[in-house]
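Spelled out, the chains give:
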Amino acid sequence: YTEKYGKEFNLPYKLLTSISLVESGLKKNDKFVSWPWTLNVSGKSKFFETKEQALDYLIKNIKKKNIDVGCMQISTKYHINEFKNLNNILDPNHNVKYAAKFLKSLYKKHKRWNEAISRYHSSEPQKKEKYLKKVKNYWSNIRQKRSTKIDNKSKREREKIEFFKSQFENRLNL
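Cut-offs used in this document
Residues numbered from 1 in each chain as written. Predicted model: local features only at pLDDT ≥ 70, side-chain atom pairs only at ≥ 80, totals over all residues. Heavy atoms only, no water. 1 Å grid on protein atoms, 1.4 Å probe; cavity = no way out; pocket = protein on both sides within 12 Å on 5 of 7 lines; lining within 4 Å. Points joined across faces, edges and corners; volume = space filled by probe spheres on them. Helix = DSSP H or I, 4+ residues; strand = E, 2+ residues; numbered from the N terminus. Nonpolar A, V, L, I, M, F, W, Y, C, P; charged D, E, K, R; others polar. Buried < 20%, exposed > 50% of the residue type's maximum accessible area, 1.4 Å probe, protein only. Salt bridge = Lys/Arg side-chain N within 4 Å of Asp/Glu carboxyl O.

A separate point is the layout of surface pockets. Space inside the largest pocket adds up to approximately 1,000 Å³. Mapped onto the lining of the largest pocket, the elements with two or more residues apiece are α2 (15-24), β4 (44-47), β6 (74-75), α4 (76-79), α6 (92-110), α7 (113-121) and α8 (125-173). For the lining of the largest pocket, the element with the most residues is α6, which contributes six residues. In terms of residue class, the lining of the largest pocket is made up of 13 nonpolar, 15 polar and eight charged.

Most of the time, phi is negative for any residue but glycine, and the peptide bond is trans. Despite not being glycine, D30 has its phi angle at roughly 60 degrees, a positive value. Along the polypeptide, D30 turns up in the loop between β1 (25-28) and β2 (31-34). Judged by its relative accessible area of 74%, D30 is exposed. With a phi angle near 65 degrees, K111 is a residue other than glycine that sits in the positive phi range. Mapping K111 onto the fold places it in the loop between α6 and α7.

Two side chains bearing opposite charge may form a pair once their charged atoms approach each other closely. Scanning the model with the defined rule gives nine salt bridges in all. One salt bridge in this structure joins D56 and K60, with 3.1 Å as the shortest N-O distance. On the criterion of helical spacing, the pair formed by D56 and K60 is a turn pair, its members being four residues apart in helix α3 (residues 51-61). The class of D56 is partly exposed, set by a relative accessible area of 38%.

See the structure below:
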């Protein structure tokens, strides 16, 4: 969903994916993924195996605490009214779509991506700076993977061009 809504809301390439990995990244089957059944309660991340387990915990504890929910860690304290119900805020599709919309609104308000990224997490200067560094680190790594793929493709493309060019020259010489 991060790529889908990143494009829909015209966010920078892979930014939403990078934020999701900072917010709820978890190693599963030797792969680092954004885990949708993640809750953060009083600064402690809780990773549940199923949506039902996460929803059950959320229902039982929603009145007691501010809980950040899902792959994009949407704060119940500030954003719960943007969702129909607790099932909705936990649903990855709704969770990511709202995060994309919220991030875009921060960008429109502050006119700079660095500020929008920082404020996605907090308005406190020290927290903003630390969070921005984390996101930029993931974002840089993800974009470098793409760059490597493009470079490899370019090399293959150049090899193909050279091959066909030599074939064409050989035919001209016949």
